[in-house]
Every structure is written in C-alpha cells, then in structure tokens.
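# Coordinates in review
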Amino acid sequence: MNEVLGQARVALHTVWNRRWLALAIAWGVCLLGWLVVATIPNSYQSSARISVQLDDVLSEQIGISGNTGRDIQRVRQSLTSAVNLEKVIRSTRIGEDIATQREMEAAIARLAENITVVNREESLFELMATIGRSELSDAENAALAQDVVQKLIDIFRENNYAGNRGEVAETIAFLDQQLAARATELEAAELQRTTFEARNPELIGGAMAISSRLQSSRSEMRGINADLAAAQSALAAINGQLAGTPRTLVTPGTIGGARAALIQAQSQLAGLQARGLTDQHPDIVAQKRQIALLERQAANEGTGATGSPNPAYSSLLSIQAERSANVQALLARKAAMQAEIANVAADQVSEPGLAAEANRISRDYEVLKTNYDELLKDREEMRLRGQVENARSSFQFDVIDPPTRPRVPAAPNRPLLLLGVLIAGIGAGVGTVLLLAQIRSTFATAGSLERALDLPVIGTISTSLTRTARLRRAKRLRMFVAGSAALFGMFVVLLAAEFVQRGMVA
C-alpha cells in the first residue's frame, strides 16, 4: 500500500513539474475536439402514431377478412417502399438539389435508413423520421422531419384507398378470364365423356365403377344365398308339419272328407281368378295342384264316406304354397345375379384398354370440374369483397398522434460529447507528461533513487528560493490556475450555448 501511495506521489509530482505542458496539450485537444463537435449537425426526429384497421366487422362477418400477419407486413413495407420515398423526396426540400437518377437512388437509400416503422400493437404503428442536414438550420431540419412524416402518411392513405379497389377489380377481371378458359376445357371434357359413355354404357365410371359393380353384385349374391337358404329351411319345416296333419276330420252324417276340401279349394281358386291373377301366377299354380290332389282323393273315397276338411291342414297347404313360391322367386333372382356377375367379370377382363380410357376421361373431367368450382367460388368471394369495398372500405386509417414538431435534437448528445472532449483533453495532457517522464527519467524522491541505483543515499538537498523567485512562482501558479479555469469556463460557455440554441428552435 505504501508503495502504491509512493508511486501516486511520484506521478503527481511529475505532472506538477510539467503542468504547463499538460495544460497546453489539454487546451489543444479540447479546442480541436469541441470544434469537431460543433461541426456535427443536429438531427431532429419527428414521430406519429397511426392506426390501421385492416378488416371491419362486416368483412369478418361475411368471411372475406384477410391474413392479419401478412397485412401488417404489407403495411410496414408500403410505408417505406422506394416509390413512396421518392414521392416524399420530390415533394419536400430533400429533392431540391437532385438532378440525376443516381442522386435520387442515393437520397432514397439515405432516407430509408432514417425512417423507422414500429408495430406497437396489432393495428397501431409508430412512424419516425430523423433529419439532420448540415446545410439547413436546426429549425429547418425540425420542420423537414415533420414534413417527411406527414407526406408518408398522406401518400400511404391515398395509395391504399385507391389501391385496394383497383386490386380487387384487377383480380376479378383475371378470375373471369380464367373461368372462361376453364369453362371451354370443361365443356370439351364433358362432351368427350358423354360420347364415350354413349358408346360404352357398361363402362360408365371406368374400371373403378366396374369393380364397384362387381363387388356390389357379389355382396347382393351373398344376401340372396342367405335368403334362399332360409326360405328352403322354412319350406322343409312346413312340409314336415303338413305330412303329420290329417286331411279331413270324419264326422258321421255329414258330407265332408276330400269332397268338402275339394269344394273349398275350388272356391279359393275362383276367388284368386276373380282378383285378376293369371294361370302362370305361383298362387294359381299351387291352388290347381291342390285341387288335382283333392280330386284324386275324392275319387278314392267311398260314396258313403262322410267327414269335414281339416282347417289346420288347409292352412298348412296355403303356407306351403306361399313358401314354395318364395323359394322359386329366390332361385330366379340367384340365376339372374349369377348372369350379371359373369357379364361384369367378362367386361373387366375383356376390355382393359377401354376401362383405362374411361378412368382417364372421368379423372380429367373431375379435375377440371373441381378447378372450375374453386375458381367460381373465389370469383364470387372477390366480387363480394369488391361490393363491400365500394360500400364500406375494409381499410380504416386513423392518425392517433399527428407528426410532432421536434424542439430538441435527437442526435448528437452534444453536452455529453463536450464533456467527453474535456475529459479526453485532460487525460491527453496528463498522459503525455507521464510518458515524457518515462522517457526522461528523473527521481522525485530519495527512495526511488536508492531503489534504482541499489546504493545508499546519504541525504537530499532542499530547494531554497529567494523572495523574488517565490513571487515569480506564485505569479506562475496564478497563471496556471487561470488557464485551467479558462478551460473549464470554455466548457461551461459551450454547454450554455448549446442549451440556448436548443431553446431557439421554433
């Protein structure tokens, strides 16, 4: 610790001995630095907040609202697009001295770097423009920054109000052209499909339709087989019941037996014929069989035999006839379905090329029809959007905070720069003196001399000044203090001038 304090004392002594050199260097650095700071033009920043409502309630209700994220990005790009910036330059003082396209491109690039668009919320944007031209005064730079922001807002409003409607109209015209082209292609495909189906009705729908028909026929065939098995089982059951049931019930003194049953069967046959049934109808055929059977039984009966027909036997006969007819009908359906399955399988095997062509025609037609329907839907949605745009624009633009007229420069931070130059000047003076002390080695204390030479130091001789020398030293000290105070006074004056200048910006 004592060594550190000793080195600090040595450094202070060295600086004090060369204080005039340090002060001169500090003055030179400060004057040069303050001059550079003074030449830096002030930059003024104007800002405005705008609200851009991209979709209104009506647009959302009818389902034509757009992509919010994409629309926000479009807003940010539109505000700072090269076309808009060129319009701003030509309508403000920035474009007064621009004569060539290259100069215009350079001006657009510089202006784009000085404009910032920040999306504060989903529909709230903050637009900031910073202007600092050396050939303009502070008041003119402040006014120009405000003008730039205002021009950007005006141009953006005009472009979007007119651009949205124009974009919708152009889109509808393009969709109409595409729909006309797709309609022509769809009509040709539909004519080709109709012609092919007229020549090959069995291949309507292509190979997939044939496969579907074959699968459906086989499925129906399985159902018929199941129904036929159930009908045959029911017929076998009724035949067993009929075999164990007597035909007549013998009752003495009455006419019955087979004759009575024959009379009843003939009466039933007459009733069926009266209903308009033909001789080929299954019920007529079954009834005639029953009458023939009863006639043979009546012929075998004796003339004195008496009895009455058994009602249960007659009922079972009717049920037997009905179930037999059901079995015959199912057999006929089975035969027809087998023939249809054979025909479909033959078509599938014998005409693979036609089936492939049918597939292609059907596929092309469906693709064209799907595309046409989608285009038609898009066209109607766009037409509805256009009607909404005409009645009530979905682009709502409001200026929340108008462009401000800046009164304080945004850059540079001149007070901080002035202070930095002062510190740098003092540091440069002190550093230069210390560097010279290292080059021209002197010993401020006896201890440093003893350590450097590694020899004992017997003593030191103090400086003895006359009265005249003391007066001269005091005068030089006052001059040094005055020079140092002048340096700090210059800093204070520049700082005050800076604040005064800021207050003079109208």
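What this report covers is the structure whose coordinates are included nearby. (Residues numbered from 1 in each chain as written. Predicted model: local features only at pLDDT ≥ 70, side-chain atom pairs only at ≥ 80, totals over all residues. Heavy atoms only, no water.)

On to helix H5 (residues 82–91), then. When H5 is considered as a whole, its buried residues turn out to be Asn 84, Leu 85, Val 88 and Ile 89. Considered in projection along H5, the buried side chains sweep an arc of 140° and stay on one side of the axis. Opposite its buried face, H5 presents the exposed residues Val 83 and Arg 90, each directed more than 90 degrees away. (Buried < 20%, exposed > 50% of the residue type's maximum accessible area, 1.4 Å probe, protein only. Helix = DSSP H or I, 4+ residues; strand = E, 2+ residues; numbered from the N terminus. Arc of directions from axis to C-beta.)

This part covers the nonpolar core. Ranked by size, the top nonpolar core spans 27 residues in total, and within it Leu 111, Ile 115 and Val 148 carry the most contacts. Counting only elements with at least two residues in this core, the list comes to strand S1 (44–53), H5, helix H6 (101–113), strand S2 (115–119), strand S3 (124–131) and helix H7 (138–199). Examining the composition of this core, we find that 8 residues originate from one element, H7, more than from any other. In this structure Leu 111 touches Leu 85, Val 88, Ile 89, Ile 94, Ile 131 and Val 148, once residues within four positions along its chain are discounted. Counting residues in hydrophobic clusters, the runner-up holds 9 residues, among them Trp 34, Leu 422, Leu 487 and Phe 491. (Core = buried A, V, L, I, M, F, W, Y, C linked by side-chain atoms within 4.5 Å. Contact = heavy atoms within 4.5 Å.)

Our focus in this paragraph is the packing of aromatic side chains. This structure, assessed with the given rule, holds 1 aromatic pair. Taken together, a centroid distance of 5.7 Å and an interplanar angle of 80° make the contact between Trp 20 and Phe 480 edge-to-face. Remark: Phe 480 occurs in helix H15 (residues 467–503) and Trp 20 occurs in helix H2 (residues 19–39); sequence separation between them is 460 residues. Judged by relative accessible area, which is 15%, Phe 480 ranks as buried. A cation over a ring is seen here: Arg 19 above Phe 480, with NZ or CZ 6.0 Å from the ring centre. (Phe/Tyr/Trp six-rings, centres within 6.5 Å; stacked < 30°, edge-to-face > 60°. Lys NZ or Arg CZ within 6 Å of the ring centre and 35° of its normal.)

Under the counting rule described, the total for this entry stands at 8 salt bridges. Measuring nitrogen to oxygen at the nearest pair gives 3.4 Å for the salt bridge that ties Arg 93 to Glu 140. Within this pair, whereas Arg 93 is found in the loop between H5 and H6, its partner Glu 140 is found in helix H7, the two being separated by 47 residues in sequence. A residue is classified by how much of its surface remains accessible, and Arg 93, at 36% relative accessible area, is partly exposed. A relative accessible area of 31% places Glu 140 in the partly exposed class. A salt bridge links Glu 498 to Arg 414, with the shortest nitrogen-to-oxygen separation between them at 2.9 Å. Taken together, the residues Glu 498 in helix H15 and Arg 414 in helix H13 (residues 414–439) connect sequence positions 84 residues apart. The exposure classification of Glu 498 matches that of Arg 414, with both residues buried. Here the salt bridges share partners, and the residues they tie into one network are Arg 93, Glu 96 and Glu 140. (Salt bridge = Lys/Arg side-chain N within 4 Å of Asp/Glu carboxyl O.)

Turning to the packing of H5 against H6, a few remarks are in order. Where H5 meets H6, the closest approach of the two axes is 10 Å, and the angle between their N-to-C directions is 105°. Classified by the angle their axes make, H5 and H6 are roughly perpendicular. Where H5 abuts H6, its residues Ala 82, Leu 85, Glu 86, Val 88, Ile 89 and Arg 90 lie against Met 104, Ala 107, Ile 108, Leu 111 and Ala 112. In terms of residue class, the contact of H5 with H6 is built from 9 nonpolar, no polar and 2 charged. (Axes fitted to C-alpha atoms, helices over the stretch in contact; angles between N-to-C directions. Parallel < 35°, antiparallel > 145°, perpendicular 65-115°, else oblique. Nonpolar A, V, L, I, M, F, W, Y, C, P; charged D, E, K, R; others polar.)

By themselves, these are just geometric observations and shouldn't be taken as functional.
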